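# Survey of secondary and tertiary structure
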Amino acid sequence: MELDAVGVDEIAPWLMRLGIDRSGKLDPNLRWDIAIRGAVLAELWLSGRISDAGETYEIDTVKTGAWHLDTAVEQLMSTGLSQLDWIGRGRLRSIDLAHEFVRNGEWTMRRAYTATRWRLYRTRERRLYDAQHARLAAVVERKVTPASAAEATLALLGYALNIVQPEKTGRTAVIDDRSEECGAAGPVVSATLSDPRDRRGRPRRSRGRDHVAATTARRGHRAWWAGRWRGWRRRPDRLSSAGGR
């Protein structure tokens, strides 16, 4: 089967569309935030709005009308964060893009207490992009050559989010360094796939024996209290009083 190239004009919105397409619902979490910020930076590099200037980089602050790109530029200029720091703890989130889809009428949003941020996004149409899913999966498996750096970026980020699923099992494709396929966005994509920060934006600490011992102690303490609670609920005097009522 001939797989046409994905005409990627905006990487971050396409990442969101592919994420909601199969199941018809999306629950964006912190991992999505990191991927979206990486995708936005990749768009800025590939569009030439960010360019290398030796020891630093230059940012074109002229507004283009793409609100997620303009927002990213404003945040980078106002906060003074490096690109790596902005990927880890920038203020642009995946739900910001999701709200745009809701305002445009493409998605709907409802409150859900089981969702990560109490918001669950849905789409009325499902499986609109099966051809794009198949094409990007073939790019990940190296069955086809990416038609552009944007398509390679979308495939690798989508694979990291588990929304681009190749036929082969395992997750070795992202482990391999394939950032050169992403052109000027290669360093940004590589940093996004290996973000070294925790959910609060702090550098991750190594988990040695002390961490393992503390975690085991906490779990044991919780298990002890759970056992006490179950035993109290099964006490004969409590069961008899509950039955009398």
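Higher on the page you've got the structure.
Heads up: these notes are all about the structure in this document. (Residues numbered from 1 in each chain as written. Predicted model: local features only at pLDDT ≥ 70, side-chain atom pairs only at ≥ 80, totals over all residues. Heavy atoms only, no water.)

So, on to the overall build of the protein chain. A tally of helices and strands in the protein chain yields eleven helices and five strands. Classification of the 245 residues of the protein chain by burial places 39% in the buried group. Taking all contacts inside the protein chain whose residues are at least 6 apart in sequence as the whole, residues at least 24 apart take part in 63%. A total accessible area of about 14,700 Å² is found for the protein chain, and carbon and sulfur atoms account for 49% of it. (Helix = DSSP H or I, 4+ residues; strand = E, 2+ residues; numbered from the N terminus. Buried < 20%, exposed > 50% of the residue type's maximum accessible area, 1.4 Å probe, protein only. Contact = heavy atoms within 4.5 Å. Areas by Shrake-Rupley, 256 points an atom, 1.4 Å probe, with all protein chains shown as cover.)

Time to look at the pairing of strand β5 (residues 119-123). Judged from the two bridges that link them, strand β1 (residues 25-26) and β5 form a sheet pairing that is antiparallel. Residue pairing across strands places L26 opposite Y121, the latter belonging to β5. Alignment of strand β4 (residues 107-111) against β5, held across five bridges, turns out to be antiparallel. Residue W107 lies in a different strand from β5, and its bridge partner there is T123. (Pairing = 2+ DSSP bridges.)

Positive phi, close to 65°, is recorded for W118, a residue that is not glycine. As for its position among the elements, W118 is in the loop between β4 and β5. Phi angles above zero are rare outside glycine, and N162 is one such case at about 65°. Residue N162 is classed as partly exposed on the basis of its relative accessible area of 40%.

Take the side chain of E151 next. Within the secondary structure layout, E151 lies in helix α7 (residues 149-160). E151 gets classed as buried once you look at its relative accessible area, which sits at 0%. A distance of 3.0 Å separates polar atoms of two side chains, one belonging to E151 and the other to R135. A distance of 2.7 Å separates the side chain of E151 from the backbone nitrogen of A147, its partner in a polar contact. (Polar contact = N/O pair within 3.5 Å; in protein donor to acceptor, adjacent residues only side chain to side chain.)

As a further point, take helix α3 (residues 67-79). Its 13 residues place the ends of α3 18 Å apart at the C-alpha level, agreeing with the 18 Å of an ideal helix rising 1.5 Å per residue. For α3, the complete set of buried residues consists of H68, L69, D70, A72, V73, Q75 and L76. Turning to α3, the residues buried within the fold contact α1 (11-21), α2 (30-46), β2 (50-53), β3 (56-59), α4 (83-89) and α5 (94-103). Positive phi appears at G80, one or two residues downstream of α3, with a value of about 75°. (Expected span 1.5 Å × (residues − 1).)

Under the criterion given, the structure shown has ten salt bridges. In this structure, the salt-bridge partner of K63 is E74, at a minimum N-O distance of 2.5 Å. On the criterion of sequence distance, the pair formed by K63 in the loop between β3 and α3 and E74 in helix α3 is long-range, its members being eleven residues apart. Note on K63: relative accessible area 54%, which makes it exposed. Note on E74: relative accessible area 43%, which makes it partly exposed. Within this structure, R22, R127 and D130 form a network of salt bridges that share partners. (Salt bridge = Lys/Arg side-chain N within 4 Å of Asp/Glu carboxyl O.)

With that out of the way, let us pick up the environment of A152. Here A152 shows up in helix α7. In this structure the C-alpha to C-alpha distance between A152 and E181, which are 29 residues apart in sequence, comes to 6.1 Å. Leave out the neighbours within four places in its chain, and A152 touches P146, E181 and C182.

Here we take up the packing of aromatic side chains. In the structure shown here, the tally under the stated rule is four aromatic pairs. On the numbers, 6.3 Å between centres and 50° between planes, the contact of W107 with Y121 is tilted. Highlighted residues: W107 in strand β4 and Y121 in strand β5, separated in sequence by 14 residues. The buried category is assigned to Y121, whose relative accessible area is 0%. Measuring from ring centre to ring centre gives 5.9 Å for Y113 and W118, while their planes differ by 65°; the resulting arrangement is edge-to-face. You'll find Y113 and W118 in the same group, each marked exposed. Taken together through their ring pairs, the aromatic side chains of F101, W107 and Y121 make up a single cluster. (Phe/Tyr/Trp six-rings, centres within 6.5 Å; stacked < 30°, edge-to-face > 60°.)

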